[in-house]
Amino acid sequence: MHSPISTFSPCQPLTHILQGRATQRPALTRLMSTGGRKRRLPSAFPVIDGTLQPFYKHVYEANLRNSMVCEQRFRENQEKVQKGGGENAIARHTQRNRKVLVRDRLRMLLDDEDYLELSPFAGLGLHYGDIPSAGCLTGIGKINGLWCVFIANDATVKGGTAYPITVKKQLRAQDVAMQNRLPCVYLVDSGGAFLPLQSEIFPDKNQGGRSFYNEAIMSAMKIPQVAVVCGSCTAGGAYIPTMAEEAIIVHRIGTVFLGGPPLVKAATGEEVSPEDLGGAKLHAEVSGCVDHFAATEKEAYEHTRNIISTLNFELPDEGAEDVEEPLYSIEDLKGLAPRDYNHSMDIRMIVSRLTDGSRLQEFKGRYGTTLLTGFAKIEGHLVGIVANNGELTYEASLKGSHFVQLCDQRDIPLIFLQNTAPCPPLTPSQAKAESNTNRLKAQGSMMSAVACASTPKITVVVGGCYGADSYAMCGRAFDPNFLFLWPNARVSMLAPGHSAALVQDEKEATELNERLEEESSSFFSSGRLWDDGVILPQHTRTVLGNCLKIVKQQEYQLSREKLRTPVLRI
Ligand code: COA
């Protein structure tokens, strides 16, 4: 799988897409199917005409220029997080502490390097500084063929200590594991709480203790969890392995204790080595806090892979399945990604570059046309698409509500392509007040339908994520299984440049606009973990295809309905 961060490919020449290729026969890709011998109903949904009209040329070119700038920033951030805590910390980690770097650990653990990394830019640009990858890599990768969430500390970032953003990232990863019923593997190498920020880490409900609470709840939900102690597990960190269902420790690398040797010395005057206080031998042979002793890190990941093989899943035979590629180049998405709301084109142009064969069975095509709804396939998976194509009007919201309920009835995953209007509708007259009230009621109905739909939901913000329209379009608060942003995306109550409509004072409006400009960027959002990551437009189809496989895996877990209590290890 492509991770959201994969190699840059230059975009298509404009002439190529101006000519359009809708009459060509769709290319077929042979994908490994997880459908076994089951057969989907045949479908020949109509092909969308995604040809770029010549009068859109200047819009396309402006978008493309903006996308190149955004992509440059994306690459710079990527480079920054790859360096972890910097050269000195890497040398300390590998040479003095003789540990393996976190990305190399993942290479040993996972079947292949193609994993879906979640929120790689979380932690960048915070008020307490840049915390690369929030000090902890999270994502979903395959272990012996099974999709698993991983949560792996990066000890090159301040000894793997937990900043507030680290805690938030870990909790989000557990959330992903719970929502999609994915086994979870913790690679623990952490000095516990980052003490200078303890008040933002320790006391509240969704802070430090929540991850231990989640471990118990997840176990009771029959979501298996394995921890590998491949470094320090100090203070709060010590609870991660002791609450996991199975734990492994690496000899002379892993330690588990509530207070380390300096604390023992200060309290009792006694000198003790980390190994004697809480090393691998002690915990595997005396305390029983861990279940498996590994002589090396490599051995620890082999143990983990074997433990995953003991989980009770029955995956279908993998057979090859022909999937139609979109008729239009996915690279065109860079010119279709709107630099602002006024540069949005017909959303069908984007949809035609994401769906199999550029096909869409549109629903209510002539009603509420500012919202596009319809059925399509993405890498062979049947989905319902809900995509903004203008303001979310009364009619559009009613249509959205109807369509979301249809998909829920049929258990079809929903894909929301979000590009909402920049400013709430103003109410300058009585007639307008009535239409706004109707719109409010219809949006309320759509929001209820989205909130209560029990089918998987995946949101991609392809343009704006503004104000109340974004709730109905399954924004973060509406709990989509995954939410990704394109780099051009903007996230704020109202779009930069629109504050004058609401704030009378000119100076105040200017200041507010400047603030909105800075705070609405996709990187600002992702730094704070308001999403699951920024993805490049050209990777969207692959990311969606993989998310659809991931949400499906839970169907293959045996006896998951049986009620259980958590595993109590000792
Ligand atoms: N809070 C804040 N900073 C911490 C920290 C903590 N709990 N633990 C470590 N750090 C910082 C160190 O000050 C150091 O900062 P620097 O690079 O700016 O000098 C950096 O993290 C790395 O620590 P260092 O001790 O040099 O690295 P190490 O690899 O030899 O050891 C630990 C890492 C985590 C084993 C060790 O630092 C340790 O035991 N820390 C204390 C853990 C603890 O008692 N936590 C209690 C939390 S409630």
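Bear in mind the structure is a predicted one, so any value in this text is a computation, not a measurement.

Chemist: How would you explain the nonpolar core if you had to name every residue and give the values?
Modeler: One finds Ile 140, Val 149, Ile 350, Ile 415, Leu 417 and Phe 482 to be the most contacted residues of the largest nonpolar core, which totals 65 residues. It is helix H19 (residues 540-552) that contributes the most residues to this core, six residues altogether. The residues that make up this core include at least three from each of domain 1 (85-311) and domain 2 (330-423 + 438-555). Core analysis: the next-biggest nonpolar cluster, separate from the first, contains 26 residues, Val 102, Cys 230, Ala 294 and Leu 311 among them.

Chemist: Which residues make up the domain arrangement of the protein chain, and what values do they have?
Modeler: Once the domains are mapped, the protein chain shows domain 1 (85-311) and domain 2 (330-423 + 438-555). The C-alpha-based centres of domain 1 and domain 2 are spaced at 34 Å. Contact with domain 1, which involves 23 residues of that partner, is made by 24 residues of domain 2. Of the roughly 2,000 Å² buried at the junction of domain 1 and domain 2 (both faces included), carbon and sulfur atoms supply 55%. If you sort the residues of domain 1 by the area they bury against domain 2, Trp 147, Arg 172 and Asn 180 come out on top, with a joint share of 29%. Summed over the shared surface of domain 1 and domain 2, the number is one salt bridge. The closest approach of N and O atoms between Arg 172 and Asp 532, which form a salt bridge, is 2.8 Å. There are 10 residue pairs in polar contact (both at pLDDT 80 or more) connecting domain 1 and domain 2. For the side of domain 1 that touches domain 2, the secondary-structure elements that each account for two or more residues are strand S2 (116-118), strand S4 (146-153) and helix H5 (164-180). Element by element, the count of residues in the side of domain 1 that touches domain 2 is highest for H5, at seven residues. Here the side of domain 1 that touches domain 2 is built from residues that sort into 13 nonpolar, five polar and five charged.

Chemist: Explain the environment of Gly 278 to me, using residue names and the numbers behind them.
Modeler: Among the structural elements, Gly 278 can be located in helix H9 (residues 274-278). Exposure remark for Gly 278: the relative accessible area of 0% places this residue in the buried category. Considered as a pair, Gly 278 and Val 256 are 22 residues apart in the sequence and their alpha carbons are 5.0 Å apart. Dropping the residues within four chain positions of it, Gly 278 is found in contact with Gly 254, Thr 255, Val 256, Phe 257 and His 283.

Chemist: Any chance you could break down the pattern of salt bridges for me, citing the residues and the numbers?
Modeler: Where charged atoms from two side chains of opposite charge come close, those side chains can pair. According to the stated counting rule, one finds 27 salt bridges in the structure shown. In this structure, Arg 476 and Asp 532 form a salt bridge, with 3.4 Å as the shortest nitrogen-oxygen distance. Here Asp 532 lies in the loop between helix H18 (522-527) and H19 and Arg 476 lies in the loop between helix H16 (469-472) and strand S17 (482-485), a separation of 56 residues in the sequence. Its salt-bridge partner being Glu 511, residue Lys 507 comes within 3.4 Å of it at the nearest N-O pair. One end of the pair is Lys 507 and the other is Glu 511, both in helix H17 (residues 506-519) and four residues apart, which spans about a single turn. Judged by relative accessible area, which is 60%, Lys 507 ranks as exposed. Classification of Glu 511 by relative accessible area gives partly exposed; the value is 44%.

Chemist: Describe the site of the ligand, with residues and values.
Modeler: Contacts to the ligand come from 14 residues, most closely from Arg 96, Asn 97, Lys 158, Gly 191 and Ala 193. Lys 158 has a polar side-chain atom sitting 2.5 Å from an oxygen atom of the ligand. Coverage of the ligand by the protein chains reaches 56% of its 860 Å² of free accessible surface. When residues of the shell around the ligand are traced back to their parent elements, those giving at least two are helix H3 (87-96) and strand S6 (225-234). Partitioning the shell around the ligand into residue classes produces five nonpolar, six polar and three charged.

Chemist: Explain the packing of aromatic side chains to me, using residue names and the numbers behind them.
Modeler: Under the criterion given, the structure shown has 12 aromatic pairs. Here Tyr 128 and Tyr 163 contribute two aromatic rings whose centre-to-centre distance is 5.7 Å and whose plane-to-plane angle is 15°, an arrangement assigned as stacked. With a gap of 35 residues between them, Tyr 128 in the loop between S2 and strand S3 (136-143) and Tyr 163 in the loop between S4 and H5 connect regions that are remote in the sequence. With centroids separated by 6.2 Å and ring planes inclined at 20°, the aromatic side chains of Tyr 471 and Phe 478 adopt a geometry described as stacked. Using a relative accessible area of 34% as the deciding quantity, one classes Tyr 471 as partly exposed.

Chemist: Now, about the sheet that holds S17: what can you tell me, with residues and values included?
Modeler: One open sheet accounts for six strands, arranged S11-S12-S13-S14-S15-S17; its pairing is mixed. The open sheet has two edge strands with one neighbour each: strand S11 (361-362) and S17. Here two bridges tie S11 to strand S12 (residues 371-378), and the two strands are oriented antiparallel to one another. The residue of S12 that forms the bridge with Gln 361 is Phe 375.

The rules we used
- Residues numbered from 1 in each chain as written.
- Predicted model: local features only at pLDDT ≥ 70, side-chain atom pairs only at ≥ 80, totals over all residues.
- Heavy atoms only, no water.
- Core = buried A, V, L, I, M, F, W, Y, C linked by side-chain atoms within 4.5 Å.
- Buried < 20%, exposed > 50% of the residue type's maximum accessible area, 1.4 Å probe, protein only.
- Helix = DSSP H or I, 4+ residues; strand = E, 2+ residues; numbered from the N terminus.
- Domains from an automatic or database assignment.
- Contact = heavy atoms within 4.5 Å.
- Buried area = accessible area lost by both parts, 1.4 Å probe.
- Salt bridge = Lys/Arg side-chain N within 4 Å of Asp/Glu carboxyl O.
- Polar contact = N/O pair within 3.5 Å; in protein donor to acceptor, adjacent residues only side chain to side chain.
- Nonpolar A, V, L, I, M, F, W, Y, C, P; charged D, E, K, R; others polar.
- Near = heavy atom within 4 Å.
- Areas by Shrake-Rupley, 256 points an atom, 1.4 Å probe, with all protein chains shown as cover.
- Phe/Tyr/Trp six-rings, centres within 6.5 Å; stacked < 30°, edge-to-face > 60°.
- Pairing = 2+ DSSP bridges.

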